[in-house]
Amino acid sequence: MSLSDILQTIRDEEARVGRDVGATRLIAVSKVQPLERVVAVLEEGHRLFGENKVQEAAGKWPDLRARYEGVQLHLIGPLQTNKARQAMELFDAIETVDRPKLARTIARLADELGQCPKLFVQVNTGEEDQKAGVLPTEADAFIAECRDLGLTIDGLMCIPPVDEEPSLHFALLARIAKRNGIDELSMGMSGDYEKAVAQGATYVRVGSAIFGERVYG
Ligand SMILES: *Cc1c(COP(=O)(O)O)cnc(C)c1O
């Protein structure tokens, strides 16, 4: 599908469920994609991108930012504390705040740098061992802890289990956000972004549907 087809699908779904058309932003997930595909999407005018590794993003985005104005970059993969500084300098949003140690590190660096990206808390809605994120039952306390550190939590993010109905996970994330007074919801990928829009996503993270399958070298 083309970028414009996906944007149209999102707008159609927003209209169908009675949401404001344009309320959902599309994060083009460019990880692992060949540079020419990323450049093609930039040339189409798209400016919001997601990467899951700090190192990989650091290798391509400073140059692309210099060539294209208005790029916004979200970190959507796990963040080690020893890469937090680099991530805070590189990304406009970190969607994967998921543990007290990382929150404390970000708070300290925010003071030092005098700036902080937008922050999202990742919630492990499926309570999967192999997945990052705070457990749904621990989310309220963790969000409160982040706020006590002086951090602003702009949104929540989740990656549902592959073998479960994603809408249930999206609805759960939306409930946790609502009761904590959080507006942004990053949820939905190539296979389920329409369902995420229906559940109130304000960001969907779409990779392969835009760029084609990722080929890992
Ligand atoms: C890779 C990735 C995506 C995009 O996945 P697609 O299925 O290619 O759309 C979205 N979110 C996260 C966290 C990812 O790591």
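Structure: see above.
Below is a summary of the structure that appears in this document. (Residues numbered from 1 in each chain as written. Predicted model: local features only at pLDDT ≥ 70, side-chain atom pairs only at ≥ 80, totals over all residues. Heavy atoms only, no water.)

Let's talk about the pairing of strand 5 (residues 118-122)
- Summarising burial for strand 5: four of the five residues are buried, a large majority.
- Here three bridges tie strand 4 (residues 93-97) to strand 5, and the two strands are oriented parallel to one another. When the bridges of strand 5 are listed, I94 appears paired with L119.
- In this fold, strand 4 hands off to helix 5 (residues 100-113), which returns the chain to strand 5; that crossover is right-handed.
- In the sheet, strand 5 pairs with strand 6 (residues 153-157) via four bridges, with the strands oriented parallel. When the sheet's bridge partners are listed, F120 is paired in strand 6 with G155. (Buried < 20%, exposed > 50% of the residue type's maximum accessible area, 1.4 Å probe, protein only. Helix = DSSP H or I, 4+ residues; strand = E, 2+ residues; numbered from the N terminus. Pairing = 2+ DSSP bridges. Right-handed = clockwise from strand over helix to strand, strands pointing away.)

What about helix 2 (residues 35-43)?
- Of the residues making up helix 2, those classed as buried are V38, V39, V41 and L42. One side of helix 2 holds all its buried residues, which, seen down the axis, span an arc of 160 degrees. Away from its buried face by more than 90 degrees, helix 2 exposes E36 and E43.
- Looking at the buried positions of helix 2, the neighbouring elements they touch are helix 1 (3-16), strand 2 (48-51), helix 3 (54-67) and helix 9 (208-211).
- Taken from the residues just after helix 2, G45 is the one with a positive phi, measuring 105 degrees. (Arc of directions from axis to C-beta. Contact = heavy atoms within 4.5 Å.)

Focus on the state of the cysteines
- Under the counting rule described, the total for this entry stands at zero disulfides.
- Looking at C116, it has no disulfide partner, and the nearest cysteine sulfur is the one in C146, 10 Å off.
- For C116, a relative accessible area of 37% translates into the label partly exposed. (Disulfide = S-S within 2.5 Å.)

Concerning unusual backbone geometry
- A positive phi angle, close to 65 degrees, is found at V32, a residue other than glycine.
- Here V32 is to be found in the loop between strand 1 (25-29) and helix 2.
- According to the relative accessible area criterion, V32 is partly exposed, its value standing at 25%.
- Positive phi, normally seen in glycine, also occurs at E127, with a value near 50 degrees.
- Within the element layout of this structure, E127 appears in the loop between strand 5 and helix 6 (136-148).
- A relative accessible area of 48% means that E127 is categorised as partly exposed.

Comments concerning the site of the ligand
- Every residue lining the ligand is accounted for by V29, K31, I76, M157, I159, M189, S190, R205, V206, G207, S208 and R214.
- Note that an oxygen atom of the ligand is positioned 2.6 Å from one of the side-chain N or O atoms of K31.
- Contacts to the ligand include R214, whose side-chain N or O atom sits 2.7 Å from an oxygen atom.
- Taken together, the residues that form the shell around the ligand break down as six nonpolar, three polar and three charged. (Near = heavy atom within 4 Å. Polar contact = N/O pair within 3.5 Å; in protein donor to acceptor, adjacent residues only side chain to side chain. Nonpolar A, V, L, I, M, F, W, Y, C, P; charged D, E, K, R; others polar.)

Let's talk about helix 3
- For helix 3, which comprises 14 residues, the first-to-last C-alpha distance of 20 Å matches the rise-based estimate of 20 Å (1.5 Å per residue) to within 8%.
- Largest kink in helix 3: about 35 degrees, centred on W61, with the proline P62 one to four residues after it.
- In this structure, the buried residues of helix 3 make contact with helix 2, strand 2, strand 3 (72-75) and helix 4 (84-90). (Expected span 1.5 Å × (residues − 1). Bend = angle between axes of the 7 residues up to and from the residue.)

Observations regarding the pattern of salt bridges
- Per the counting criterion, the structure on display carries 13 salt bridges.
- With a closest N to O distance of 3.3 Å, E14 and R11 form a salt bridge. Highlighted residues: E14 and R11, both in helix 1, separated by three residues, approximately one helical turn.
- Of the residues examined, R11 reaches a relative accessible area of 23% and is grouped as partly exposed.
- The salt bridge partner of E112 is R85, with a shortest N-O separation of 2.5 Å. (Salt bridge = Lys/Arg side-chain N within 4 Å of Asp/Glu carboxyl O.)

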